[in-house]
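# Survey of secondary and tertiary structure
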Amino acid sequence: AARASLDTLTAHQSKLGLIPLNVAVETGQVSTENAGAVDANLWYILAQWLLVQTTGDHAALARDWPAVQRALLWLRYQDMNECGLLEVPEAGDWMDLMAVRYNVLYDNVLWYAAQRAMLAMETITGDSAPLPDLGADAVRERLNLLLWVERCWEPVHFAARLEKLKAMRLEWYMLYHNIGT
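Before going into details, it helps to say that this report is about the structure given with it.

The rules behind the values
Residues numbered from 1 in each chain as written. Predicted model: local features only at pLDDT ≥ 70, side-chain atom pairs only at ≥ 80, totals over all residues. Heavy atoms only, no water. Helix = DSSP H or I, 4+ residues; strand = E, 2+ residues; numbered from the N terminus. Buried < 20%, exposed > 50% of the residue type's maximum accessible area, 1.4 Å probe, protein only. Contact = heavy atoms within 4.5 Å. Areas by Shrake-Rupley, 256 points an atom, 1.4 Å probe, with all protein chains shown as cover. Patch = residues over 30% accessible without salt bridge, like charges linked within 9 Å, V, L, I, M, F, W, Y side chains within 5 Å. Salt bridge = Lys/Arg side-chain N within 4 Å of Asp/Glu carboxyl O. Axes fitted to C-alpha atoms, helices over the stretch in contact; angles between N-to-C directions. Left-handed = near helix turned anticlockwise from the far one by under 90°. Nonpolar A, V, L, I, M, F, W, Y, C, P; charged D, E, K, R; others polar. Expected span 1.5 Å × (residues − 1). Arc of directions from axis to C-beta.

## Topic: the overall build of the protein chain
A tally of helices and strands in the protein chain yields seven helices and zero strands. Ordered by position from N to C terminus, the α and β elements of the protein chain give α-α-α-α-α-α-α. Here the protein chain holds 181 residues, and the buried ones make up 40% of them. Pairs at least 24 apart in sequence give 60% of the contacts found in the protein chain among residues at least 6 apart. Per element, the accessible surface of the protein chain, about 10,000 Å² overall, is 59% carbon and sulfur.

## Here's the deal with a nonpolar patch on the surface
Residues L105, V109 and W148 make up a contiguous nonpolar surface patch of roughly 280 Å² in combined accessible area. Within the secondary structure, V109 sits in helix α4 (residues 105–125).

## Quick look at the pattern of salt bridges
Taken as a whole and judged by the stated rule, the model has eight salt bridges. As a salt-bridge pair, R3 and D7 come within 3.1 Å of each other at their nearest N and O atoms. In this pair, R3 and D7 both sit in helix α1 (residues 2–11), four residues apart, roughly one turn of the helix. Assessed through its relative accessible area of 22%, R3 is described here as partly exposed. Among the charged side chains, a network of salt bridges with common partners joins R3, D7, R63 and D64.

## Comments concerning the packing of helix α3 (residues 58–76) against α4
For the pair α3 and α4, interaxial distance at closest approach is 11 Å and the crossing angle is 140 degrees. The crossing of α3 and α4 is left-handed. Along its contact with α3, which presents H58, L61, W65, V68, Q69, L72, L75 and R76, the element α4 presents W111, M118, M121, E122, I124 and T125. Grouping the amino acids of the contact of α3 with α4 by side-chain chemistry returns nine nonpolar, three polar and two charged.

## Re unusual backbone geometry
Despite not being glycine, E82 shows a phi value in the positive range, around 55 degrees. Mapped onto the secondary structure, E82 falls in the loop between α3 and α4. In this structure E82 comes out as exposed when scored by relative accessible area, which is 69%.

## Considerations on helix α6 (residues 155–168)
Taking 1.5 Å of rise per residue, the 14 residues of α6 would be expected to cover 20 Å, and the 20 Å separating its terminal C-alpha atoms lies within 8% of that figure. By the burial criterion, the buried members of α6 are F158, R161, L162 and L165. All buried residues of α6 lie within an arc of 100 degrees about the axis, which places them on one face of the element. Residues of α6 that are exposed and point over 90 degrees away from its buried face: V156 and A167.

Such coordinate-based values are descriptive only and should not be taken to indicate function.
Here it is, written out as structure tokens:
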């Protein structure tokens, strides 16, 4: 069932690399509901990695590798300001009824996992993927700095965290300063 699902999604991937959320298997019709959802591509990459780990089917991964690379490239374009994290539009993932947007925790945790999966799959295929310059470790660092708001009462610790965020992105510094204070 997992292989059939991935084959269906791969067959209906857009030219730019977007993985559809839903495909009617009877008709092949791609649903355009929540068509720009970021998490579909993330789960597609993770599912490819899980399937190759589970089955050991390297031939299927080699066959799908160009589609997996396009899925990653589409995700890279979702880092619109090149900060290392994905910018997710409101209603741009499974939480479409929640008012979450921009550097969303859920999608960026998956982004970290997807980059790690891509590196592992590169080893199997022997072919590199268009990985971001900053990479998975930078995503993890940014998630921990930005999205785990910790206002400890040690001024030196808080100031050091603020300086690190300021060096990365002024907007993150301002956001953290306001929330932390």
